[in-house]
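Letter by letter, the chains look like this.
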Amino acid sequence: MLDFEGAEYVNPPETRPYYLARVPGVNNSGLYSHIESASVHVAEFTPLESGGAYTEPVKMQIVKSYYDKYDHTKANWIGFGSQEKDLEAGDVAYFLQDYIKTPTSYEKGKTYIANFQYDDSVSQESGIPVYSVSGAPFTTQREGELGQKIESTVMPSQCRRFDEVTEDFWGPGGLGMIWTEWIEQLKLWDRNWLPVIPTNGVQLLPTFHSKNAYMDRGREITAEEFKKGSNVCMISDKIALNGIKVGDTINLPMYMAFYGFQPDRFYTFEFPFAYDFSPLNAEGEAYGPFWQKEYEVVGIYRQLTPGAGELYGEAVIIPSKSVTVSDENNIVYYAPMNSWSTSFQIPNGKISEFNTALHKAVPEASKLKIVYNDNGYEEVMASLYNTRLSTALLLGASILAGLVVILLLLYFFVVKEKKRTAIERSLGMTKNQCRASILSGLMALAVPAVLLGGWISWGMMNIEAVPVQEGGHSEDNIETVSFSREYSLWAESERSVTDIGFEEVDIYFQMLSYFLVPLCIVLTVLLLTVFIVNRNLKIEPIILLGGRE
């Protein structure tokens, strides 16, 4: 609906997903993990007592352990008190009732399986190992343009906190097969997952548009490459720590798509921290890659404030059109569009005009919060327009002053010299000789004057920089003032002036003005002088000689 007639987009609206690609051998920096997600255990356990109140831990015995992940470096530190360890059959632990205060309780003698986390604070206070149950396998698969949830026929509700292990649990068609796949995905969920952002332009990404990200090495993806859907990419400097250089290729098998996802410290790509998504589809199976391609690394970017914004510290940027298949069967998260995922680009200086046209063509846009960010363009342009007005007034005043000077010059040296012309004609000079007599004297005055003025103007407006050597001195050993952009991060993303062709044209016309303006003044004096002298020559000498001053 935003693509209405007359919008004049530079880049039309796009809603960008995140694609998660698993790249063996390429580690992310761990920015997607969270301190709480460092503890994940999967085990079968049996209650040694029936479940009590919500706040009371229940004594359990571990039957079989399938998976243990936690920060081994912090465990058992002297003075820290953490007693978290790999679970083994026969271990005794205490489980808190589930977080949501449901009447669900454990029955003594039954066997259960669940994901759970070690609770350091409660364990230290109580002096016993206490765990909190966090959930069982589920699916978040979505379908359609509206991201409707697909209900699973092989898994119960997402809200269940654990499963009971029955006799046929691990048999064919049992929940044990789904738990096996779930545990395999936990083992795979290491640091080899990279978020991939498909877009139609680098400037459509808020972090790049606000200059919070800049090219550290290489170059940006070009407009032509975005249009063609070339297999090129830009990576963060964190990913480049894996030894990837500009010109290398990276294979990106993309497994999952996230729409409207805003990764931060509360919503991360780490699984299974907050259970915002699941790596299992509605059939209880792991997703396969919906798209896989070799991408050439053309640039490496760096962020000024990593972790803030849609790049979230590190991401791979690719042209949207390079992905030529649909991701409809691999959508694991879907939410409304937001400022991280949705943007468009309009011409500079068109904000007010576009906003009026938008709300007229799309009345529903009144329900949207649209933020226009032109990096201060309109404020700068308003100042430039005021400067242009002042310049126009100065130019007009200068032209008027110049005409007044020319007219005074002509009045004293031409109009007031009528009798001189009459005398010269009476002495036998021809009309052309009279014209030459007046013009030669006037040009002898006007030409040096305009040349001197043009030379002084050129000298004042074209002060060239003196080459600076090491130590801040010129070749003539004269100390000069200079500045360096070597450590200016904002300058890294600026294009070189040699890339801007119109500046050469501007300089050409500026230099040309120092010749055209004096020439115009001389021609003006010449033509007006000839015009006035011709009028004087039409009057009979006897009348001019007989008249009064």
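Here the structure is a predicted model, which is why all the values come from computation and not from measurement. (Residues numbered from 1 in each chain as written. Predicted model: local features only at pLDDT ≥ 70, side-chain atom pairs only at ≥ 80, totals over all residues. Heavy atoms only, no water.)

S.K.: How should I be thinking about the packing of helix α7 (residues 377–413) against helix α9 (residues 431–461) in this particular structure?
M.R.: Helices that pack against each other are described as a pair by the angle of their axes relative to one another and the distance between those axes. One way to put it is that α7 packs onto α9 with a least axis distance of 11 Å and a crossing angle of 140 degrees. Regarding the angle of α7 to α9, the classification is oblique. Here α7 and α9 pass one another in a crossing that is right-handed. In this structure, α7 uses Leu-409, Leu-410 and Phe-413 to contact α9, whose residues at the interface are Ile-438, Leu-442 and Leu-445. Partitioning the contact of α7 with α9 into residue classes produces six nonpolar, no polar and no charged. (Axes fitted to C-alpha atoms, helices over the stretch in contact; angles between N-to-C directions. Helix = DSSP H or I, 4+ residues; strand = E, 2+ residues; numbered from the N terminus. Parallel < 35°, antiparallel > 145°, perpendicular 65-115°, else oblique. Left-handed = near helix turned anticlockwise from the far one by under 90°. Contact = heavy atoms within 4.5 Å. Nonpolar A, V, L, I, M, F, W, Y, C, P; charged D, E, K, R; others polar.)

S.K.: How do you make sense of the confidence of the model for the protein when you look at a structure like this?
M.R.: Caution is warranted with low-pLDDT regions, since their predicted coordinates should not be read in detail. Looking at the protein as a whole, its pLDDT mean stands at 83, while 83% of the residues score no less than 70. Within the protein, the element-level pLDDT minimum falls on helix α11 (residues 541–546), averaging 71, and the maximum on strand β16 (residues 316–319), averaging 97. This model gives residues 99–103 a pLDDT under 50, and the stretch forms seven contacts once residues within four places in sequence are excluded. Taken together, the stretch residues 495–502 has pLDDT below 50 and engages in two contacts with residues farther than four places along the chain or on a different chain. (pLDDT = per-residue confidence, 0-100.)

S.K.: What is the right way to read the pairing of strand β2 (residues 17–22) from this model?
M.R.: Along any regular strand the residues' side chains alternate between the sheet's two faces. A large share of β2 lies buried, amounting to five of its six residues. The pairing of β2 with strand β14 (residues 249–259) spans five bridges and is classified as antiparallel. Each bridged residue has a counterpart across the sheet, and for Pro-17 the counterpart in β14 is Tyr-259. Of the pairings in the sheet, the one linking β2 to strand β11 (residues 193–199) comprises four bridges and is antiparallel in character. Across the sheet, Tyr-19 pairs through a bridge with Val-196, a residue of β11. (Buried < 20%, exposed > 50% of the residue type's maximum accessible area, 1.4 Å probe, protein only. Pairing = 2+ DSSP bridges.)

S.K.: I would appreciate a short explanation of the pairing of strand β6 (residues 112–118) in the present structure.
M.R.: A large share of β6 lies buried, amounting to seven of its seven residues. The sheet contact formed by strand β3 (residues 40–47) and β6 spans five bridges and is antiparallel. Paired with His-41 across the bridge in β6 is Phe-116. Summarising the sheet, β6 and strand β10 (residues 163–164) pair through two bridges and their orientation is antiparallel. Following the sheet pairing, Ile-113 is matched in β10 by Asp-163. Examined bridge by bridge, β6 and strand β7 (residues 130–135) share four bridges and lie antiparallel to one another. Within the sheet, the bridge partner assigned to Gln-117 lies in β7 and is Ser-132.

S.K.: How do you make sense of a nonpolar patch on the surface when you look at a structure like this?
M.R.: A surface patch of nonpolar side chains, amounting to about 680 Å² of accessible area, comprises Leu-400, Val-404, Leu-408, Tyr-411, Phe-412, Phe-413 and Leu-445. For Phe-413, the location among the structural elements is in helix α7. (Patch = residues over 30% accessible without salt bridge, like charges linked within 9 Å, V, L, I, M, F, W, Y side chains within 5 Å. Areas by Shrake-Rupley, 256 points an atom, 1.4 Å probe, with all protein chains shown as cover. Salt bridge = Lys/Arg side-chain N within 4 Å of Asp/Glu carboxyl O.)

S.K.: Help me understand the packing of helix α8 (residues 418–426) against α9, please; the structure alone is not making it clear to me.
M.R.: Here α8 crosses α9 at 140 degrees, and the two axes come no closer than 10 Å. Judged on the interaxial angle alone, α9 and α8 are oblique. Crossing of α8 against α9: the hand is right-handed. Here Arg-420, Thr-421, Glu-424 and Arg-425 of α8 lie close against α9, whose contacting residues are Lys-431, Cys-434, Ser-437 and Ile-438. Across the contact of α8 with α9, the residue classes tally to two nonpolar, two polar and four charged.

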